[in-house]
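# Descriptive analysis of the structure
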Amino acid sequence: MSLYKNLFKQTIIYGLATVLPRMLSFLLNPLYVDVLPSKEFADVSIVFSWLVFFNVILSYGMETAYFRFFNSEDDKKKVFSTSIVSLFWSSMAFLVLALLYRDTLANWANIEVEYVTYTIWILVLDALVIIPFSKLRAEKRPLYYAVVKIGSVVVNLALNLFFLLVLPKLANNNPDGIFNTFYYPDFEVGYIFVSNLIASLATFLILSPDYFKLNWKFDWILWKKMMTYGFPILLAGLAFAINEHFDKILLEKLHVPKSDIGAYAACYKIGMFMVLFRTAYTLGIEPFFFSHANNENAQQTYATITKYFVIFGSFICLFVIAFVDLLKQVLVPNESYWEADKVVPLIVLANFFLGIYTNLSVWYKLIDKTKIGAYISIIGAIVTLALNWILIPKISYYGSAIATIAAYGTMMVISYRMGQKKYPIPYDKPRILGYLALSIVFSAVSFYIPSLRENYYLKIVLISLFLYFIYYNEKATLLRIVKRS
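No experiment lies behind these values; they were computed from the predicted model shown.

Rules used in this analysis
Per-chain numbering applies: the sequence of each chain, read as written, is numbered from 1 onward. Per-residue local features of the predicted model are confined to residues with pLDDT of at least 70, and side-chain atom pairs are confined, for both listing and counting, to 80 or more; whole-chain, interface and lining totals are unaffected and use all residues. Water and hydrogen atoms were dropped before computing side-chain values, which therefore reflect all heavy atoms in the structure. In this description a helix means any DSSP run of H or I spanning at least four residues, a strand means any run of E spanning at least two, and both kinds are numbered starting from the N terminus. Burial classes: relative accessible area under 20% of the type maximum marks a residue as buried, over 50% as exposed, and values in between as partly exposed (1.4 Å probe, protein chains only). Two residues qualify as a contact provided that any one of their heavy atoms is within 4.5 Å of a heavy atom in the partner residue. The protein chains shown are the only cover counted for residues, whose accessible areas, like all others here, come from Shrake-Rupley with a 1.4 Å probe. Stacked, edge-to-face and tilted are the three classes for Phe, Tyr and Trp ring pairs, Trp counted by its six-membered ring, which pair at centre distances within 6.5 Å; planes under 30 degrees apart are stacked, over 60 edge-to-face, the rest tilted. In this description, the arc belongs to the directions extending from the helix axis to the C-beta atoms. Exposure above 30% relative accessible area and the absence of a salt bridge qualify a residue for a patch, where like charges join within 9 Å and nonpolar side chains (Val, Leu, Ile, Met, Phe, Trp, Tyr) within 5 Å. Should a side-chain nitrogen of Lys or Arg be within 4 Å of a carboxyl oxygen of Asp or Glu, the pair is scored as a salt bridge. Charge convention: Lys and Arg are scored as positive, Asp and Glu as negative, and His as well as the terminal groups of each chain are ignored. All charge positions are set by atom: Lys at NZ, Arg at CZ, Asp at CG, Glu at CD. Joining through side-chain atoms within 4.5 Å is the link that ties buried Ala, Val, Leu, Ile, Met, Phe, Trp, Tyr and Cys residues into a set, and such a set is a nonpolar core.

## Remarks on the overall build of the chain
- Per the secondary structure count, the chain includes 23 helices and zero strands.
- Counting the 485 residues in the chain, one finds 55% classified as buried.
- Pairs at least 24 residues apart make up 84% of the contacts formed inside the chain by residues separated by at least 6 positions.
- Surface accessibility of the chain: about 22,300 Å² in total, with carbon and sulfur atoms responsible for 66%.

## Description of the packing of aromatic side chains
- Summed over the entire model, instances satisfying the criterion amount to 33 aromatic pairs.
- Judged by centre distance (5.9 Å) and plane angle (50°), the rings of Trp 50 and Phe 53 are tilted. In this pair, Trp 50 and Phe 53 both sit in helix α3 (residues 38–59), three residues apart, roughly one turn of the helix.
- Where Phe 54 meets Phe 94, the ring centres are 6.3 Å apart and the plane angle is 45°; that geometry is what we call tilted. Of this pair, Phe 54 sits in helix α3 while Phe 94 is found in helix α5 (residues 76–100), placing the two residues 40 residues apart along the sequence.

## As for the side chain of Lys 248
- If you trace the backbone, Lys 248 turns up in helix α12 (residues 220–253).
- With residues near it in sequence (within four places) discarded, Lys 248 still touches Ile 46, Ser 49, Ile 261, Tyr 264 and Tyr 268.

## Quick notes on helix α16 (residues 324–331)
- Within the span of α16, buried status applies to Val 324, Asp 325, Leu 327, Lys 328 and Leu 331. The buried residues of α16 occupy an angular sector of 160° when the element is viewed end-on, so they sit on one face.

## Re a positive patch on the surface
- A cluster of basic residues, Lys 369, Lys 371, Arg 417, Lys 421 and Lys 422, forms a positive patch at the surface.
- Among the elements that line the positive patch, the one with the most residues is helix α20 (residues 397–422), at three residues.
- Relative to the helices and strands, Lys 371 resides in helix α19 (residues 370–395).

## Notes on the nonpolar core
- Membership of the largest hydrophobic core comes to 156 residues, with the highest contact counts inside it found for Tyr 32, Tyr 66, Ile 131, Met 226, Ile 270, Val 332 and Phe 352.
- The contact partners of Tyr 66, leaving out residues within four places of it in the chain, are Val 79, Phe 80, Ser 83, Ile 131, Ser 134, Lys 135, Ala 138 and Met 226.

Have a look at this one:
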């Protein structure tokens, strides 16, 4: 049981490092909705969607490869130096080429050249801290990891608030003051990128001692093995980027009005509560999977972890969907955006499916068949692209939400069926499916039946019934944990 307590402790800390910054960044959503016209909000969302693709390319699977070889190689320092040197020089090459061709990139992406310049530097700085952050996780230093992550986002949030709310007032109240020297009207989108750039620079400076202590040794043989292992992760990452973010790009390409894209992107944020849980869990679980792969009862451990992931995830899914009308007043405080709130249940459930897929995908990572993960993700990307192409012209952004849940659901099912053949894990299917089904049914009742949607007493009753159902089925395990603690 101490094994699960240790995992839970790390997940909580990594969760704080992820959830707290994301919760703080949620403040940016209502800020952007309030400050930016819907067209510019859509533009920011589209730009950040493109950023995800470049983030994946610049990391090229090296983060996961680092964890894999950190646990399998005797010389940990060699793994670290080879990984960080590889990412350093690839980032420098990207920086030079991107700055040389930034005009071309700006024309291609239909973005102001100035914004492209900021974006290039953000991408490079973020790439340079991938391995230092991974080192903190591998060495089980979650507190320091959390402090740096949270600090970075606090800086970003504070700068956004200053540039978008405080600075305009200071400049207008004192036209001849110092604040007018760096205040530019109608530069709101630019200030968003400047805030991100400063936060990324601050993070790099904090973690830069790893570069000064580095011996800069590079092992070609190890690097080739890491690249072989990581390349499928790159393909899977690109496929994931398509599944998660390409909808905003396609909506524009298929001539959906920018105002609709802005509303969709804003309401999409409400579904991020499940993303927070899934991301925090993944940060804690990935090193755990590798470090316990050789344990005698590893499969049973993975099965138990998956069941409890589904329990927590089912509760979050039900809670967010049941109270979406309250959440949107805080996260999207502009009624003109609320028409898109119908996508929230689909986005929440889609991200839940993706979290379950993350659990199920442990088998191909442990047997060094990461290319299978790439194939599964590519299948998901094909589903995403095909359904978006078919559905967007008919039902606009709602088609994108349907495509997302279909893609992740497909990936989840394929991974389960293949995994049980290659690396059988004794999942508690009756309970897992029971929790999932009950959560979906209660969520649908609370959201899609108009006469019940505003009945919060009923929603509280449904959540209480769901929690009792969990307690009834897991009572023996819960009592055992309480007694041991």
